[in-house]
Amino acid sequence: MTIVDRKLHRSPQDPTAESQATRLFATRQLSLGLAAPLSPEDQVVQAMEDASPTKWHLAHVTWFFETFILQHHLPGYRIFDAKFNFCFNSYYESQGERQPRPKRALLTRPSNAEVLAYRAHIDEGLHALFTRGVDPAGEVARLVEVGINHEQQHQELLLTDILALFAQSPLRPAYREAPPLPAGDQAPSLSYVAFDGGIHEVGHSGTGFHWDNEAPRRKALIHPFRLADRLVSNGEWLEFMQANSYSNAALWLADGWTAVNREGWEAPNYWHKRDGEWHQMGLRGLQPVDLAAPVCHVSYYEADAFARWAGKRLPTEFEWEIAAEGLEVAGNMLGSRALRAQTAPEHHSSGCDRPRQMFGDVWEWTQSAYLPYPGYRPPVGALGEYNGKFMVSQQVLRGASCVTPDGHSRATYRNFFYPQQRWQFMGLRLAEEV
């Protein structure tokens, strides 16, 4: 196992096994491990407006610790470089002007070496902070926990953004050279698991870390439904394509049909036809499409059209949460080192009444709009800008993906993206009425 493999295998978010400081510095080290296979040239380029350069990710998460923790809570702290607030602020209006997101690749300065020095400076400050003592129940500990989870989010973004870059390279380079994973011709058999309707409690209980958009916990009326026990596969998606579904307007939402024609979609993102066979670009390079693995890199519009073609629908986010309740948050995530979605495991026994692949492989589109729960209030202060102001025009995804850091997700976790986006590791499972 290489040093990068060992870093990928760590699970720094286990509060029962490690102190907060240990998890913090393991998370900080993992970011460097993820960037290690990349050249300085790789780390400065931006594939598209939605993506950011690796160097920017490494600096932005560091800026977060400096701006919200060290400047206010470490006496005598020295700001590394005042210009970095402009360079590496993301969208915090309260923190002043910033480099426009579509033009982050223009930040050839500061250099990679300066960004690494910046990270070392901040880590030194964080060590000093913990040496002075951090109250586990205090404000600093709360902010550090936010910083850990924030950096984990950017670890996933770092990988999805470098894939977007490499997918546009004519050389189709692999992020990590590795033997091809076993491929199958057909996914395991699909069945549906029934869930009772009624009044169910949804949302985070408030015990343990969670993002503000997961609360407050509330009661929701759920009608009886059935949920597919695995994700939709590449083979099933190929059938959808062979049925000329990308040219059948009757299957598409109006905005989706506009996107299909504007973008020229005819297959999932990163699919390419070579010698009459479909291949998929991934972090392991360009490889033949694994028909048994879950389909990945599809937009909400595509997921919705597939569900309609299949005579089903997408689940609501609360149906998904009810189905995931009580399940172990485990699966094919970053720690598995697969770096791609994998075939659903076979049920160990017939008649299993729980869905498979609820965590890992791909984030799952739901039909739920990203909106605040009743009673939601954004946090007071700058961190109130973290989630609340994005609660419009986006869709909720649940679960986790093959590049989500282990321990980062949970059943109540609400990811969210615009319906036309598909560079993330996004897929779907089907639902139906009883």
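Coordinates for the structure precede this section.
None of these values were measured; they are calculated from a predicted model.

To summarise the sheet geometry, strands pair through backbone hydrogen bonds and adopt either a parallel or an antiparallel arrangement. Strands sit in the order β5-β6-β7 across an open sheet of three strands; the sheet is antiparallel. Taken across any chain shown, the strands that pair with only one partner, and hence form the sheet edges, are β5 (271-274) and β7 (285-288). Each adjacent strand pair in this sheet contributes to an overall mean axis angle of 35°, direction not counted. Two elements, strand β6 (residues 277-282) and β7, share four bridges in a ladder whose sense is antiparallel. Among the inter-strand pairings, glutamine 280 is bridged to a residue of β7, identified as glutamine 287.

Taking strand neighbours across the sheet as the criterion, the three strands line up as β1-β4-β12 in an open arrangement whose pairing is antiparallel. One side of each edge strand has no neighbouring strand; the edge strands of this open sheet are β1 (192-195) and β12 (431-433). Ignoring which end each strand starts from, the neighbouring axes of this sheet average 25° apart. Of the pairings in the sheet, the one linking strand β4 (residues 225-228) to β12 comprises three bridges and is antiparallel in character. Bridging from a neighbouring strand, leucine 227 pairs with alanine 431 of β12.

What the rule picks out here adds up to zero disulfides. Here cysteine 296 stays free of any disulfide, with the sulfur of cysteine 402 as its closest cysteine sulfur at 5.9 Å. Exposure remark for cysteine 296: the relative accessible area of 4% places this residue in the buried category.

Under the definition given, this model contains 25 salt bridges. A salt bridge links glutamate 151 to arginine 28; the nearest nitrogen and oxygen atoms lie 3.0 Å apart. One end of the pair, glutamate 151, is in helix α6 (residues 139-168); the other, arginine 28, is in helix α2 (residues 20-35), and 123 residues separate them in sequence. Of the two residues, glutamate 151 and arginine 28, both sit in the buried class. With a shortest N-O distance of 2.9 Å, arginine 414 and glutamate 317 are connected by a salt bridge. Pair noted here: arginine 414 is in the loop between β9 (395-399) and β10 (415-417) and glutamate 317 is in helix α10 (residues 317-324), with a separation of 97 residues, a long-range link. One exposure class covers both arginine 414 and glutamate 317, and it is buried. Among the charged side chains, a network of salt bridges with common partners joins Arg28, Arg119, Asp123 and Glu151.

If you walk through the whole model with that rule in mind, you get 29 aromatic pairs. Considering the side-chain rings of phenylalanine 84 and phenylalanine 88, the 5.3 Å spacing of their centres and the 85° angle between planes classify their relative orientation as edge-to-face. Taken as a pair, phenylalanine 84 and phenylalanine 88 lie in helix α4 (residues 84-88) at a separation of four residues, close to a single helical turn. Residue classification places phenylalanine 84 among the buried positions, given a relative accessible area of 2%. A relative accessible area of 1% means that phenylalanine 88 is categorised as buried. Ring centres of tryptophan 320 and phenylalanine 359 lie 5.6 Å apart, and the angle between their planes is 85°; on these two criteria the pair is classed as edge-to-face.

Scoring rules and cut-offs
- Residues numbered from 1 in each chain as written.
- Predicted model: local features only at pLDDT ≥ 70, side-chain atom pairs only at ≥ 80, totals over all residues.
- Heavy atoms only, no water.
- Pairing = 2+ DSSP bridges.
- Helix = DSSP H or I, 4+ residues; strand = E, 2+ residues; numbered from the N terminus.
- Axes fitted to C-alpha atoms, helices over the stretch in contact; angles between N-to-C directions.
- Disulfide = S-S within 2.5 Å.
- Buried < 20%, exposed > 50% of the residue type's maximum accessible area, 1.4 Å probe, protein only.
- Salt bridge = Lys/Arg side-chain N within 4 Å of Asp/Glu carboxyl O.
- Phe/Tyr/Trp six-rings, centres within 6.5 Å; stacked < 30°, edge-to-face > 60°.

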